[in-house]
Structures are given as C-alpha cells and as structure tokens.
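Read off the chains here:
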Amino acid sequence: DFTKLKNSLKKFSKNKPFNYCVIDNFFDAKLAKRLEKDFPNYNSEIWHEYKNPLEVKKTCNNWNVFPKDTYKTFDYLNSISFVSILQKYILKKKIFMDIGLNGGGWHIHKTGGKLNMHLDYSIHPKLNLQRKLNLIIYLNSKWKDKWGGSLGFWENKSSKNPGKLVKSILPKFNRAVIFDTTQNSWHGLPEKIMCENGYYRKSLAVYYLCEPKVNVDKRGKALFAPFENQKSDNEIIDLIKKRSSIKTASKVYKN
C-alpha cells in the first residue's frame, strides 16, 4: 500500500527526539507470515552471536542462506524503486543502498536479550559513505506487550551521552520503523526481553547511506552508553571503548 507508506513518510520530519515514522502492516499480511517462518531456529549455526553486557542478540546477513521470500524482500528493499520513495518523501537527496547488509539482515532476540542505547556506526567500513536511515520491520506474530522488546528513543542533545528515554515503540507484528541515524539518534532496548521460552523477537533490518557531511564523525562501529547501574563499572566503560573501535571490537564478540 504505497499510499499508506507515503503518508507515513510525510510525518518523518515532524517526530521527536529525532526524525522517524512508524508504518503498521508494512508488508502484505501473507508475505509477512512467510517472512516470519523463514527465520532459522535460534540455535542454528548460521547466526552470528553478540553476547556481552551491552548486547545479547543474534544476526545474519548472509544472502546465501536467505530463503526465496526473504531474499526477494531484501532485494526489493535495496532496489532503486523503493529507495526512490525514501528520497522523494523524506530526504530529497541521494540515498545509497548497502546490498552487503552491513550490520543488517535478520535480527533475533530470545528471553534475556538486551541492547544498550547506542549510536550506530557513522561511516561504512568499506563504502566510505555515512549511515543515514535505519529500516526495521518486526516479524513476531504472537508477541505479548508484557514481554517488552520495545525500541527506545532517547533525547539526542549530545553525541557522548543520551538524555532521558522519550519514546518506546512496541515490536508489533508487521510494524516498520524508519529513523534518521545522523541526529545523535540514541536508540536501543530500554529493558531486557522477557518472552516465554520458544518465542523470539524477530526483525528485518536494512540500512541506507548518504554522502558524508563535512567534519562528520568517522566512527566505524556503534558507540554504546551505559545504563544507570553500569556507569560506575570500569569494565563496562572499557568494553564500550573497545566496542566502538573497528580495531578492538572483534575482542568483544563471542565468535
């Protein structure tokens, strides 16, 4: 439904704490169900696991393991026809696709999953372009609100530390969220995920790029911030420093 999409995108620049919009029923309902079923088992070997005090999740951006519907969906979301809509209605500037899905693809969290508030990488490690937009689509049809898993947006006054939490967006099935990542866009999960065993928070993630701004931060990895109960923990502060550097981030990962 391109009319619904375009109308939602028109609200993009009016929302706070940074530009974003929410689009419910993003995919055709039958396609959304098939995309949900495409996700591999949580214990599958295809996943890359992040397991540390800042983030507990699994991801996969390997096109070779995507089933047909997922493959075609990522192909469309990285197509000129879709990106031209984003350019026309929210940015009015050249947007570049990242067909390598750097940091994107399938994302999955189980109970206990977490993600501290953070700023995403600024400059793509291979394309030398600036990350500009995140598109996230949730695909967990039996999710219960009490399980948490909301996407949080924090005040964006500083590129060093987030302000207070000002927006929480529930991961409703077939809900898409698009937001600008260049406005000190602190985001993450406000609380640990508490879903029942056998259920998972599933999402597709696609990121879009633009020409870098003058004097842009050259950060090639995400910059995390500690939660209140982590601020006096020197190990956490050191972990954040290592996680934000391409040279040392690999030491943070479990695999």
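Conventions adopted
- Numbering of residues starts from 1 in every chain and runs along the sequence as written.
- Whole-chain, interface and lining totals are the exception, using all residues; otherwise, since this is a predicted model, local features are given only for residues with pLDDT of at least 70 and side-chain atom pairs are given and counted only at 80 or more.
- As a convention, hydrogens and water are excluded, and side-chain values are obtained from all of the structure's heavy atoms.
- Starting at the N terminus, helices and strands are each numbered in turn, a helix being any DSSP run of H or I of at least four residues and a strand any DSSP run of E of at least two.
- Categorising residues by exposure relies on relative accessible area from a 1.4 Å probe, with only protein chains included: less than 20% of the type maximum marks a residue as buried, more than 50% marks it as exposed, and the intermediate range marks it as partly exposed.
- Should any heavy atoms of two residues lie within 4.5 Å, those residues are counted as being in contact.
- In this text, buried Ala, Val, Leu, Ile, Met, Phe, Trp, Tyr and Cys residues form a nonpolar core when linked through side-chain atoms within 4.5 Å.
- Any pair of Phe, Tyr and Trp rings, taking the six-membered ring for Trp, is counted once the centres come within 6.5 Å. Such a pair is stacked with planes under 30 degrees apart, edge-to-face with planes over 60 apart, and tilted for the rest.
- Two limits define a charge over a ring: the Lys NZ or Arg CZ must be within 6 Å of the ring centre, and within 35 degrees of the ring normal.

Engineer: Whenever I open this one, the overall build of the chain confuses me. Can you help?
Structural biologist: When you go through the chain residue by residue, the secondary structure sums to six helices and 14 strands. Counting only C-alpha atoms and orienting by the principal axes, one finds that the chain spans roughly 50 × 45 × 35 Å. Looking at the chain as a whole, 53% of its 255 residues qualify as buried. Long-range pairs, those at least 24 residues apart, make up 78% of the contacts in the chain with a sequence separation of at least 6.

Engineer: Mind showing me how you'd approach the nonpolar core here?
Structural biologist: Side chains of a nonpolar character, in soluble globular proteins, are inclined to be buried together. Within the largest apolar cluster, 38 residues are counted, with the highest numbers of intra-cluster contacts made by F26, I178 and Y208. For this core, the element with the highest residue contribution is helix 4 (residues 80-91), accounting for six residues. Residues within four places of Y208 in sequence aside, it is in contact with L77, F82, V83, L86, I95, F96, Q130, R131, K132, L133 and L135. Core analysis: the next-biggest nonpolar cluster, separate from the first, contains 19 residues, L115, L189, C195 and L223 among them.

Engineer: What is the right way to read the packing of aromatic side chains from this model?
Structural biologist: The geometry of an aromatic ring pair comes down to the distance between the two centres and the angle between the two planes. A full pass over the atoms with the stated rule returns 19 aromatic pairs. Seen from their ring centres, F26 and F82 are 6.5 Å apart, and the 85° between their planes marks the pair as edge-to-face. Pair noted here: F26 is in the loop between strand 1 (20-23) and helix 2 (29-38) and F82 is in helix 4, with a separation of 56 residues, a long-range link. Joined through ring pairs, the aromatic side chains of F39, W47, W63, F66, Y71, F74 and W106 make up one cluster. Between R131 and the ring centre of Y207, over which it is positioned, the NZ or CZ distance is 3.5 Å.

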